[in-house]
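Results of the structural survey
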Amino acid sequence: MQLRYSFRLYPSAGQRMALARAFGCARVVYNDALRVRETARAEGLPFPKAGDLSKLLITEAKKTPERAWLGEVSAVVLQQSLRDLDSAYRNFFDGLKGKRPRMGAPRFKSRKDNRQAVRFTANARWKITTGGDLALPKIGDVRVKWSRNLPSTPSTVTVIKDAAGRYFCSFVVETEAGEVLPEVMPEVGIDLGLSHFAVLSDGTKIESPRFLRRAEKKLKRAQQALSRKAKGSNNRNKARLRVARAHARVADARREFHQLSMKLIRENQAVAVEDLAVKGLARTRLAKSVHDAGWSAFVGMLEYKAARHGRTFVKIGRFEPTSQVCSQCGVKDGPKPLHVRVWTCGACGAVLDRDINAAVNVAKAAGLAVSACGARVRPGLVPAPREETGTHPKASRASGSQAGISVL
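Only a predicted model underlies this, so the values are computations on that prediction, with no experimental measurement involved.

In terms of regular secondary structure, the protein is built from 12 helices and 15 strands. By residue count, 42% of the 408 residues in the protein fall in the buried class. Restricting the contact set of the protein to residue pairs at least 6 apart, pairs at least 24 apart contribute 66%. Summed over all atoms, the accessible surface of the protein reaches about 24,100 Å², with 53% contributed by carbon and sulfur.

Below you can see the structure in the form of structure tokens.
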């Protein structure tokens, strides 16, 4: 399995300038290659091959006065920029063929883009020094804040500058299947929601932290300050950074909260979730709350961590009527509006908590051995049979029925 590990970088002033040159050169080569290919498409000519583009836009371009400064950065960075363009075209055409979700055609990059990135492969001869720094060609030894050890030797490293002006190094590593956790008995179904972030089939309810909602006031003030600054001014750039850092704090807090996924994987042998239509929900009036919850990222973490640690992960279909079926008797009771949080089954009389009942049904639909034990599900009042209601002067059922016949 390939995993990606990210760590914070702290480049010096000179190293930041060298990284800016690398970002700019990679962007120029990418745009030049995109322009050549779009020109060929407009003229009805076949797409130039990657090798021809490399020779034309890198090797030959360095010999011209207009592109001589491409030699100031590592050639591997420029080659990887061409590979990124190939991947963008491949993904675009695969989307048209239905092999993957559709995405837009490759577009030109701008120096004003908030996110910049360059990638170094093993050919660039980068390394991690004995002092723990990251040695990059033509940039130098950059200080890294290591938060964990890499499980194996990485094959590539990507240096990223985000919208908040922070630098990160991202490593791609191959992991072995030797991190399987010991087997445990519990199996759990998870119902994701907005009032509660997650409700488990054992009755546990995890509150939604609502990171974006809690930070809205600060974000609003920062955005208002940004809108009042003159375009192109230094003050506007400072205000933009303040907005980006505020959003980065929200994203970091949400990512930290999603470590809940590891707790669920560690404590349960099998985990089942529902395949939610997040894109559809993001087009409703609940869009901000849906994006704030970050369901897709959480489910993705559950999936890869289950595969890595030898757990079972099941995703059931989004059209499974988990909120309509009684988890006690299995009778489908029909759809219910969202404000109905507790309902009574018309067949067995069980009083069901909507979210816990859905979580139990998610687990059952996935084939997990779970029950509503411990959940807030209780039997309701069942009407007594007609012959047992009220009082009767005769003690036995037989005498009562005979008396009725005699009266008639």
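From this point, things continue past the structure.
This next bit is on the sheet that holds strand β11 (residues 270-274). Read from one edge of the open sheet, five strands run β10-β9-β8-β11-β12, paired in mixed fashion. Of all strands in the sheet, those with a lone pairing partner are β10 (205-207) and β12 (312-316), marking the two edges. Between one strand axis and the next, the sheet turns through 20° on average, direction left out of account. Here strand β8 (residues 187-192) pairs with strand β9 (residues 196-200) via three bridges, running antiparallel. Directly across from Asp 191, in β9, lies its bridge partner Val 199.

We now examine empty space enclosed by the protein. By the definition in use, this model includes two cavities of 30 Å³ or more. Taken as a whole, the largest cavity spans an internal volume of roughly 50 Å³. For the largest cavity, the full set of lining residues is Ala 18, Ala 22, Glu 72, Val 73, Ser 74, Val 77, Phe 120, Pro 137, Lys 138 and Ile 139. The residue inventory of the lining of the largest cavity, partitioned by class, reads seven nonpolar, one polar and two charged. In terms of lining, the second largest cavity is formed by Phe 197, Ser 208, Pro 209, Arg 210, Phe 211, Arg 254, Phe 257, His 258, Asp 292 and Ala 293. If you list the elements that add at least two residues to the lining of the second largest cavity, you get α6 (234-257) and α9 (287-293). Residues that form the lining of the second largest cavity fall into these classes: five nonpolar, two polar and three charged.

As for its position among the elements, Lys 336 is in the loop between β12 and β13 (342-344). Note on Lys 336: relative accessible area 17%, which makes it buried. Of the polar contacts made by the side chain of Lys 336, one reaches the backbone oxygen of Gly 334; its length is 2.5 Å. Apart from residues lying up to four places away in sequence, Lys 336 is in contact with Ser 323, Gln 324, Trp 343 and Arg 354.

What counts, and at which threshold
- Residues numbered from 1 in each chain as written.
- Predicted model: local features only at pLDDT ≥ 70, side-chain atom pairs only at ≥ 80, totals over all residues.
- Heavy atoms only, no water.
- Helix = DSSP H or I, 4+ residues; strand = E, 2+ residues; numbered from the N terminus.
- Buried < 20%, exposed > 50% of the residue type's maximum accessible area, 1.4 Å probe, protein only.
- Contact = heavy atoms within 4.5 Å.
- Areas by Shrake-Rupley, 256 points an atom, 1.4 Å probe, with all protein chains shown as cover.
- Pairing = 2+ DSSP bridges.
- Axes fitted to C-alpha atoms, helices over the stretch in contact; angles between N-to-C directions.
- 1 Å grid on protein atoms, 1.4 Å probe; cavity = no way out; pocket = protein on both sides within 12 Å on 5 of 7 lines; lining within 4 Å.
- Points joined across faces, edges and corners; volume = space filled by probe spheres on them.
- Nonpolar A, V, L, I, M, F, W, Y, C, P; charged D, E, K, R; others polar.
- Polar contact = N/O pair within 3.5 Å; in protein donor to acceptor, adjacent residues only side chain to side chain.

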